[in-house]
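Fold and geometry: a report
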Amino acid sequence: MTKGPSDRSDTSIDSALSNEHLTRDLGRRTASGGIIALCTQALILLTQVGYMALMARLLQPDDFGLVAMAASATAFVGVFADLGLSMVTIQRKEVDHDTISALFFVNLGVGFALMPLTWLMAPVATWLFNDSRVFHLILVLAVAIPITATGAQHKALLVRNMRWMSLQSVNFGSLLCGFAVGIAMAWGWDFKYWSLAAATLTTALVGTVAQWTLSPWRPTKVANWKNARSAINFGIHYSGSQFTNYINRQSDNVLIGWKSGPGELGFYTRAYSLFMLPITLVSGPIGSVIIPMLSRLQTQPDKWARTYLSAMRLTLMMNTILCILITINAEQIVALVYGENWSKSGTILMVLSLSLITSISGQFGGWALISVGRARELFIFSIFSSAIRFAAFLFAVQWGASGVALAWSITSWVFTPVLWIYATRDTKLRFADLMKAAGPFFFAYVAVVALFHFSGISFGLSSDTLSLPVGGNIVLNSTITIAIYAIFVVAPYRFAGSMLGDMRLFLDKDERQRT
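Report follows, based on the coordinates. Note that the structure is predicted; figures quoted are calculated from it, not measured.

This brings us to the environment of Arg306. Structurally, the position occupied by Arg306 is in helix H14 (residues 301-338). With relative accessibility at 26%, the residue Arg306 sits in the partly exposed group. Separated by 123 residues in sequence, Arg306 and Leu429 place their C-alpha atoms 8.7 Å apart.

This is the structure we're talking about:
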């Protein structure tokens, strides 16, 4: 039983901090979490697509570009608000009440300290982008930093305890509230870009309130900071890797906005939002449940390695088909979701989508390093990769958003295998194991995309030939693709492993006990 600082037992706090239950039916818990996350994420995806489609018709590219400019500054500072302390709570095999309370107060203090620091960056961003509207947007968006920090540890405890239904309810519910406010302000009151900012703040506030409501844990005065110090050290290194990831994710926006203005940036950000959908739909939810599972297995290296490879194969099986569909339908998807006026985003999405499968696969290296507590090594790798990618963006921005998109795709294909080699050092995994697991799916992706490219869209049956609307052409392409992939997906598992064996790892506890 967990004792509070006053030696008072609290069953609810104990259940929030104890990890004893995680050792029983770990695979089943992970599988159920994955199913819940995937179903919820599919619902979120449909909601997001509907929201983006509506807002793209209510607002102009300039509005999206302005918010992206402001978000570049707030995201820069916001990366440090959590200091990686949420991942500490998730990754640690054991935690106590004092440690979590200490992490909470550090999160809170940093969050409130970073808000005025973000305000100080507003004049710099205004000068950089040469648009006075960015100044006030940054002032407003910065308020989300302490709001999110306030609920960081409560959210981490929900993940640690594998309370997947509660967690996904918070994600979906807060998003719905944010979207509702954004649409109301854009449609009913014509607040333009302010409606996007209001949606962001609403989502953050509702999410934090819900996390506090659903988690029984409450912070108290810290009696002993000893364990918190090592936890903070891990968190700082993880936060460093998140910062360099920010450089990866935001430097393209900054350079495009600086070079070409909010209009061009608006086209790019809308394409990038669609580019991220497969990652958000499948690999994001799977990663959120696999990292806690791998963290629980870090003292059992053989099981850890087997679970890792199985998760990798299952993730790629689901993601590869989505990567193919977006790559071959990029321009039609943009026309369907955003309308004909956004055709430039279609070209950008087509270029970005060439790196979808490598962007998704690159996350596996991060899973490995985080789950065994090697945050420092992840930080070191991210420094070098971010510096190289920024240099590539700086060179490519002279060709506009499409040039930056191409730089993203090329660097993604280079970084992924390098990260795999780096992450598998001193583990039961070898680089060859990852190549065997992922290689066949990469081949399936390249083969199907090349088949469409060299045969003509839908083997020459375009929407013009058949007088199909844009949506009809997407359905036709997708039907043919799924049929082809159904053949290819058998071959990858024939060479990479057993689909049945991978599923048993999560669904059959006796199978796991025999290994």
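Bringing the packing of aromatic side chains into the picture now. In total, this model carries 20 aromatic pairs according to the counting rule given. Between the aromatic rings of Trp304 and Tyr308, the centroid separation amounts to 5.6 Å while the plane-to-plane angle is 20°, which identifies the pairing as stacked. Taken together, the positions of Trp304 and Tyr308, both in helix H14 and 4 residues apart, correspond to about one turn of that helix. Each member of the pair, Trp304 as well as Tyr308, carries the same accessibility label: buried.

Interhelical geometry of helix H9 (residues 164-188) versus helix H10 (residues 193-214) gives an angle of 150° and a closest axis separation of 7 Å. Relative to H10, H9 is oriented roughly antiparallel. The handedness of the crossing between H9 and H10 is right-handed. Here H9 contributes Ser166, Val170, Ser174, Leu175, Cys177, Gly178, Val181, Gly182, Met185 and Ala186 to the contact with H10, which in turn contributes Trp194, Ser195, Ala198, Ala199, Thr202, Thr203, Val206, Gly207, Ala210, Gln211 and Leu214. Taken together, the residues of the contact of H9 with H10 break down into 12 nonpolar, 9 polar and no charged.

Time to look at the nonpolar core. A general feature of soluble globular proteins is that nonpolar side chains tend to end up buried together. Tyr268, Tyr308 and Met312 are the most contacted members of the largest nonpolar core, which has 131 residues in total. By residue number, the principal contributor to this core is H14, which donates 20 residues. Leave out the neighbours within four places in its chain, and Tyr308 touches Leu294, Phe364, Gly365, Trp367, Ala368, Leu429 and Leu434.

Turning next to the pattern of salt bridges. The final tally for this structure, using the stated rule, is 6 salt bridges. Linking Asp131 and Arg133 is a salt bridge whose minimum nitrogen-to-oxygen distance equals 2.8 Å. The exposure class of Asp131 is buried, given its relative accessible area of 12%.

Quick look at helix H16 (residues 356-371) now. Taking 1.5 Å as the rise per residue, H16 with 16 residues should run 22 Å; its terminal C-alpha atoms sit 24 Å apart, in good agreement. Taken across its 16 residues, H16 has 15 buried, putting it largely inside the fold. At the exit of H16 stands Gly373, carrying a positive phi of roughly 80°.

All right, on to the side chain of Asn329 then. Of note, Asn329 is situated in helix H14. For Asn329, a relative accessible area of 1% translates into the label buried.

In the contact formed by H14 and H16, the axes pass within 9 Å of each other and the chain directions differ by 160°. In terms of orientation, H14 and H16 fall into the roughly antiparallel class. The two elements H14 and H16 cross, and the hand of that crossing is right-handed. Listed contacts from H16 to Trp304, Tyr308, Ala311, Met312, Thr315, Leu316, Asn319, Thr320, Cys323 and Ile326 of H14 are Leu356, Ile357, Ile360, Ser361, Phe364, Gly365, Trp367, Ala368 and Ser371. Residue composition of the contact of H14 with H16, by class: 13 nonpolar, 6 polar and no charged.

Definitions and cut-offs
Residues numbered from 1 in each chain as written. Predicted model: local features only at pLDDT ≥ 70, side-chain atom pairs only at ≥ 80, totals over all residues. Heavy atoms only, no water. Helix = DSSP H or I, 4+ residues; strand = E, 2+ residues; numbered from the N terminus. Buried < 20%, exposed > 50% of the residue type's maximum accessible area, 1.4 Å probe, protein only. Phe/Tyr/Trp six-rings, centres within 6.5 Å; stacked < 30°, edge-to-face > 60°. Axes fitted to C-alpha atoms, helices over the stretch in contact; angles between N-to-C directions. Parallel < 35°, antiparallel > 145°, perpendicular 65-115°, else oblique. Left-handed = near helix turned anticlockwise from the far one by under 90°. Contact = heavy atoms within 4.5 Å. Nonpolar A, V, L, I, M, F, W, Y, C, P; charged D, E, K, R; others polar. Core = buried A, V, L, I, M, F, W, Y, C linked by side-chain atoms within 4.5 Å. Salt bridge = Lys/Arg side-chain N within 4 Å of Asp/Glu carboxyl O. Expected span 1.5 Å × (residues − 1).

Geometric values such as these leave the question of function open.
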